[in-house]
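# Structural characterization, general
What follows is each chain in one-letter form.
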Amino acid sequence: MRLLRSSSSSSKEQYNGEKTRALLYLNVYDLTPVNNYLYWFGLGVFHSGIEVHGLEYGYGAHDYPTSGVFEVEPRSCPGFVFRRAVLLGSTDMSRSEVRSFMEHISEKYHGDSYHLIAKNCNHFADEVCSRLTGKPIPGWVNRLARVVSGSFCNCILPEAIQVTRISHLPDHQAFSGFCS
């Protein structure tokens, strides 16, 4: 997991007249095995990230007042079990424009402001998707956070996932481009 890097990864693109559009996917991961049951009721505790131009961008917690936005290889976010990819739409932003956009939006998503219910990875993915495609992410992805935030019953979340932090991974180079 790293904050930002240059990539020569191939991306899935769609040809539209003279413009090339990059496809956006929402990559959804399970945070708990309970999702195997909750999923069929339209609920679950999920991590999500946005895949575009061959990179996946996500948001997570850490203890510092710097960006919590990171990038990983698509569909392989460490610590989570990949569930599915959802095609969200496309953007005409180039790889460098997406990178600049992510650097800019990361200023709003510091690791120490992460909250599992009020400001989580799904909120980040929803804002990115809305700004790049004009559409929100599917409602089921963050439904449990909305249900819990509107009730007094935080007790339904397992203790083990109430705070999910990004640990520094020494074998991946952090790039200061996302840090503010």
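Note that the coordinates shown come from a computational prediction; the quantities given were computed from them, not determined experimentally.

### A word on empty space enclosed by the protein
Rolled over the atoms, a probe as big as a water molecule pinpoints where empty space is left. Following the criterion strictly, the structure yields 2 cavities of 30 Å³ or more and no others. In this model, the largest cavity occupies a volume close to 120 Å³. Lining of the largest cavity is provided by 16 residues; of these, Val 45, Leu 116, Asn 120, Asn 142 and Ala 145 occupy positions nearest its centre. Taken together, the elements giving at least two residues each to the lining of the largest cavity come down to helix H3 (121-133) and helix H4 (143-149). In terms of residue count, the dominant contributor to the lining of the largest cavity is H4 (3 residues).

### Side note on the confidence of the model for the protein
As a general rule, the predicted coordinates of low-pLDDT regions are not to be interpreted in detail. On average, residues of the protein carry a pLDDT of 81, and 72% of them reach 70 or more. No element of the protein has a lower mean pLDDT than strand S1 (residues 13-16), which averages 49, and none a higher one than strand S4 (residues 55-59), which averages 98. Every residue in residues 5-13 scores below 50 in pLDDT, and together they form 23 contacts with partners more than four places removed in sequence or on other chains. Low pLDDT, under 50, characterises residues 161-180; the stretch is placed with 44 contacts to residues that sit more than four places away or in other chains.

### What to know about the side chain of Ser 67
Position of Ser 67 relative to the elements: it lies in the loop between S4 and strand S5 (69-72). Here the side chain of Ser 67 touches Val 69 through a polar contact of 3.0 Å, landing on its backbone nitrogen.

### Comments concerning the environment of Arg 146
Take Arg 146: it is sitting in helix H4. The exposure class assigned to Arg 146 is partly exposed, which follows from its relative accessible area of 46%.

### Topic: the nonpolar core
Grouped together as the largest cluster of nonpolar side chains are 31 residues, with contacts concentrated most on Leu 26, Ile 50, Met 102, Phe 124 and Val 128. When residues of this core are traced back to their parent elements, those giving at least two are strand S2 (19-30), strand S3 (46-52), S4, strand S6 (81-91), helix H2 (95-105) and H3. Tallying contributions element by element places H3 first for this core, with 6 residues. Residue contacts for Ile 50: discarding those within four places in its chain leaves Leu 24, Tyr 25, Leu 26, Leu 55, Glu 56, Tyr 57, Leu 88, Ala 125, Val 128 and Cys 129. With 10 residues, the next largest nonpolar core counts Tyr 29, Val 72, Cys 77 and Ile 117 among its residues.

### Regarding the pairing of S3
The buried fraction of S3 is high, at 7 of 7 residues. Of the pairings in the sheet, the one linking S3 to S4 comprises 3 bridges and is antiparallel in character. The partner of Ile 50 across the bridge, within S4, is Tyr 57. Linkage of S3 to S4, two consecutive antiparallel strands, is achieved through a turn of 2 residues, within which His 53 is found at a positive phi near 55 degrees.

### Points about H2
Residues Val 98, Arg 99, Phe 101, Met 102 and Ile 105 constitute the buried set of H2. In an axial view of H2, the angular spread of the buried residues amounts to 160 degrees, which keeps them on one side of the axis. Tucked inside the fold, the buried residues of H2 contact S3, S4 and H3.

What counts as what
- Sequence positions are assigned chain by chain, starting from 1 and proceeding in written order.
- Since the coordinates come from a predicted model, pLDDT governs what is reported: local features require at least 70, and pairs of side-chain atoms require 80 or more to be given and counted, while whole-chain, interface and lining totals use all residues.
- In computing side-chain values, all of the structure's heavy atoms are included and hydrogens and water are not.
- The distinction between a cavity and a pocket rests on a 1 Å grid over the protein atoms alone: a 1.4 Å probe fits inside a cavity but cannot get out, while a pocket stays open yet meets protein on both sides within 12 Å along at least five of seven lines, and a residue with an atom within 4 Å of a point counts as lining.
- Grid points are joined across faces, edges and corners, and a volume is the space filled by probe spheres set on the points.
- Helix numbers and strand numbers start at the N terminus; a helix is a DSSP run of H or I with at least 4 residues, a strand a run of E with at least 2.
- Every residue carries a pLDDT, the predictor's confidence in it, which falls somewhere between 0 and 100.
- Contacts: residue pairs with any heavy atoms within 4.5 Å of one another.
- Definition of a polar contact: a pair of N or O atoms within 3.5 Å, with one able to donate and the other able to accept a hydrogen when the atoms are protein atoms, and with sequence-neighbouring residues admitted only if both atoms are side-chain atoms.
- Exposure is judged per residue with a 1.4 Å probe applied to protein chains only, and the accessible area is read against the type maximum: over 50% gives exposed, under 20% gives buried, and values in between give partly exposed.
- The set of buried Ala, Val, Leu, Ile, Met, Phe, Trp, Tyr and Cys residues whose side-chain atoms join them within 4.5 Å is what this entry labels a nonpolar core.
- Two strands make a pair as long as DSSP finds a minimum of two bridges between them.
- The directions from the helix axis to the C-beta atoms form the arc being described.

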